Amino acid sequence: MRAAVLVACGLLAGTASLAAHHSFAAEYDGNLPVTVSGTVAKIDWLNPHIYVYVDAKDDQGKVAQWKFEGYPPNMLVRQGWKRDVTMKVGDSITVFGWRARLEPHLGAARTITFADGRKLAAGPPAGTGGQ
Amino acid sequence: MLTRTLASLALLLALAGTAAGPALAQTAAPATTPRPVPRTADGKPDLSGIWIAGGIALLFGEEEAARIRAADKAAGRPAPPPREPPPYKPDAEKKRQEYLARRGIDDPMARCLLTGVPRITVRPLPFEIVQLPTRVLILYEIHHAFRIIPTDGRGHPDDLEPSYLGDSVARWEGDTLVVDVTGFNDKTWLAGVGTIHSEKLRVTERYRRDTYDTIIYDVTMEDPEVFTKPWHMQETFRLRPNERIREYECIENNEDIVRWEKLLETEFKK
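Residues numbered from 1 in each chain as written. Chains lettered and ligands numbered in written order. Predicted model: local features only at pLDDT ≥ 70, side-chain atom pairs only at ≥ 80, totals over all residues. Heavy atoms only, no water.

As for the sheet that holds strand β2 (residues 127–131) of chain B
All names here are of chain B. Ordered by their spatial adjacency, nine strands build an open sheet running β4-β3-β2-β1-β9-β8-β7-β6-β5, and the pairing between neighbours is antiparallel. The open sheet has two edge strands with one neighbour each: β4 (146–150) and β5 (167–173). If you compare each strand with its neighbour and ignore which way they point, the axes differ by 25 degrees on average. Where strand β7 (residues 202–211) and strand β8 (residues 214–222) come together, eight bridges link them in antiparallel fashion. Each bridged residue has a counterpart across the sheet, and for T204 the counterpart in β8 is T220. (Pairing = 2+ DSSP bridges. Helix = DSSP H or I, 4+ residues; strand = E, 2+ residues; numbered from the N terminus. Axes fitted to C-alpha atoms, helices over the stretch in contact; angles between N-to-C directions.)

This is the structure in structure tokens:
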């Protein structure tokens, strides 16, 4: 897992931020950034938040499926995302975000970087939210 | 059939009155020559248009947020005053702190319940104001919700049931639209985690289109059950002429709250 998943601990600047409809901190820990590289297995392009499922291999080649929550489609399309075009099942991506407090393979996505180098915002910054 | 369709269209346009004209004619304003604030036939400032109050960076990206900050600076536009903390009585403040300690996990909005006033206005999704001769409509993208606000001098109905968005009536004070909102239930948060209120809440919203591109939104919240004095808040709405209000069905896949039940069990067992 270490090869694909880098977990860094440390206090991030936790500015107040807004998710579309709930507090970031309710479920995610802004002190636990995580970077996951793998293959897109599934995309739930749904309100109130999208979910991206990423198959990532660990050191032994064992695949773990991560699930990342992102912005709602309404916010993504305004930043240039297109459903089934910008990101497709099978794409190689690197997700940066923060870990969930409870579930080991759940995270809040902040950015997604694609194989061709494109890096797009996928979710809100860490923060207290709920404004 | 065609005749009936045309007649219906004509009626709609007539109902919309002059408000539709300026709204439809909006284009990006040049930076150096400020456009005048548009007015309706009765001389009132026309608030019609698609606006957003907050979350520019979230909705449109950091570059757009930086562009707006630079334009504000160039125009000498002061930043909105920092938000006051809610002036809660001790019991209400204690409850707010409890909700904050639970990191907003109890947020009614996270359950996709209608977000009340003023919170619905300051969410990072746009809304459209449609100003008609005798009423103002506000169409919010979030929750796909709407408010119908009479401006013909009528008061609140006498059969109000407590509701999420309350009941709104408005009047003009000079160039400011003053909206009186009452008849709320106590199931919403006002502006931020744990900002509770009672059914005695009364909200006064003041909408003033101070430039072509902006509305100053000034809010006073009064609630003798929870506040020691009125709570004030001010935000700036930004005109987004090229936007459209999209559908937003919050409950579609709101699986967060299912997981949150587990969080509640493990972290906040009572």
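Don't stop here, the text continues.
Side note on the state of the cysteines
Residues and elements named next belong to chain B. Under the definition given, this model contains one disulfide over all chains. Sulfur-sulfur distance for the disulfide between C112 and C250 comes to 2.0 Å. Every disulfide takes its handedness from the sign of the S-S torsion; for C112 and C250 that torsion is -70 degrees, giving left-handed. Residue C112 is located in the loop between α5 (90–101) and β2, and its partner C250 is located in the loop between β9 (231–239) and α6 (256–267); the two are separated by 138 residues in the primary sequence. Just as C112 is buried, C250 falls in that class too. (Disulfide = S-S within 2.5 Å. Buried < 20%, exposed > 50% of the residue type's maximum accessible area, 1.4 Å probe, protein only.)

Topic: the interface of chain B and chain A
Counting from both sides, the interface comprises 43 residues of chain B and, opposite them, 34 residues of chain A. At the boundary of chain B with chain A, total buried surface from both sides reaches about 3100 Å², with 51% on carbon and sulfur atoms. It is L58, R103 and R259 of chain B that lose the most area in chain B upon contact with chain A, and together they represent 22% of the buried surface on that side. For the pair chain B and chain A, the number of links is seven salt bridges. Its salt-bridge partner being R110 of chain A, residue E62 of chain B comes within 3.7 Å of it at the nearest N-O pair. Where chain B packs against chain A, one counts 16 residue pairs in polar contact (both at pLDDT 80 or more). Of all the secondary structure elements, the ones that give two or more residues to the side of chain B that touches chain A are α3 (56–60) and α6 of chain B. In terms of residues, the side of chain B that touches chain A owes the most to one element, α6 of chain B, which gives seven residues. Class assignment for the residues of the side of chain B that touches chain A results in 18 nonpolar, seven polar and 18 charged. (Contact = heavy atoms within 4.5 Å. Buried area = accessible area lost by both parts, 1.4 Å probe. Salt bridge = Lys/Arg side-chain N within 4 Å of Asp/Glu carboxyl O. Polar contact = N/O pair within 3.5 Å; in protein donor to acceptor, adjacent residues only side chain to side chain. Nonpolar A, V, L, I, M, F, W, Y, C, P; charged D, E, K, R; others polar.)

What to know about empty space enclosed by the protein
All names here are of chain A. Under the definition given, this model contains two cavities of 30 Å³ or more. Each pocket or cavity is described by its volume, and for the second largest cavity that value is around 50 Å³. Looking at the second largest cavity, the residues that line it are I43, W45, W81, K82, R83, D84, T86 and M87. Of the residues contributing to the lining of the second largest cavity, the split by class is four nonpolar, one polar and three charged. (1 Å grid on protein atoms, 1.4 Å probe; cavity = no way out; pocket = protein on both sides within 12 Å on 5 of 7 lines; lining within 4 Å. Points joined across faces, edges and corners; volume = space filled by probe spheres on them.)

What about helix α4 (residues 62–74) of chain B?
Residues and elements named next belong to chain B. In this model α4 runs 18 Å from its N-terminal to its C-terminal C-alpha over 13 residues, within 8% of the 18 Å that 1.5 Å per residue would give. Of the residues making up α4, those classed as buried are E64, A65, I68 and D72. Each buried residue of α4 sits inside an arc of 100 degrees when the element is viewed along its axis, so together they form one side. Facing away from the buried side of α4, by more than 90 degrees, are the exposed residues E63, K73 and A74. Elements in contact with the buried residues of α4: α3 and β9. Within two residues after α4, G76 carries a phi angle of roughly 70 degrees, on the positive side. (Expected span 1.5 Å × (residues − 1). Arc of directions from axis to C-beta.)

Details of the side chain of R238 of chain B
Residues and elements named next belong to chain B. With respect to the secondary-structure elements, R238 resides in strand β9. With relative accessibility at 16%, the residue R238 sits in the buried group. Not counting residues within four places of it along the chain, the set of residues in contact with R238 comprises I50, W51, I52, I56, I68, D72, R77, D213 and T214.

Observations concerning the environment of R171 of chain B
All names here are of chain B. Tracing the backbone shows R171 in strand β5. The partly exposed category is assigned to R171, whose relative accessible area is 42%. R171 sits 47 residues away from D218 along the chain, and the two C-alpha atoms are 15 Å apart.

Thoughts on the side chain of T188 of chain B
All names here are of chain B. Tracing the sequence through the fold places T188 in the loop between β6 (176–182) and β7. Taking the relative accessible area as the measure of exposure, T188 reaches 4% and is therefore buried. For T188, the side chain forms a polar contact with the side chain of H197, separated by 2.7 Å. Residue contacts for T188: discarding those within four places in its chain leaves P108, L114, G116, Y164, T195, I196 and H197.

A word on the pattern of salt bridges
For the structure shown, the criterion picks out 27 salt bridges over all chains. A salt bridge links D84 of chain A to R83 of chain A, with the shortest nitrogen-to-oxygen separation between them at 3.8 Å. With respect to burial, D84 of chain A and R83 of chain A carry one shared label: exposed. A salt bridge links D256 of chain B to R259 of chain B, with the shortest nitrogen-to-oxygen separation between them at 3.7 Å. A residue pair is termed a helical-turn pair when its members lie 3 or 4 positions apart in one helix, as D256 of chain B and R259 of chain B do in helix α6 at three residues. For the residue pair D256 of chain B and R259 of chain B, the accessibility class agrees, reading buried in each case. Several salt bridges converge on common partners, so that one network encompasses E27, K67 and E69 of chain A together with E255, D256 and R259 of chain B.

These figures capture arrangement, not role.
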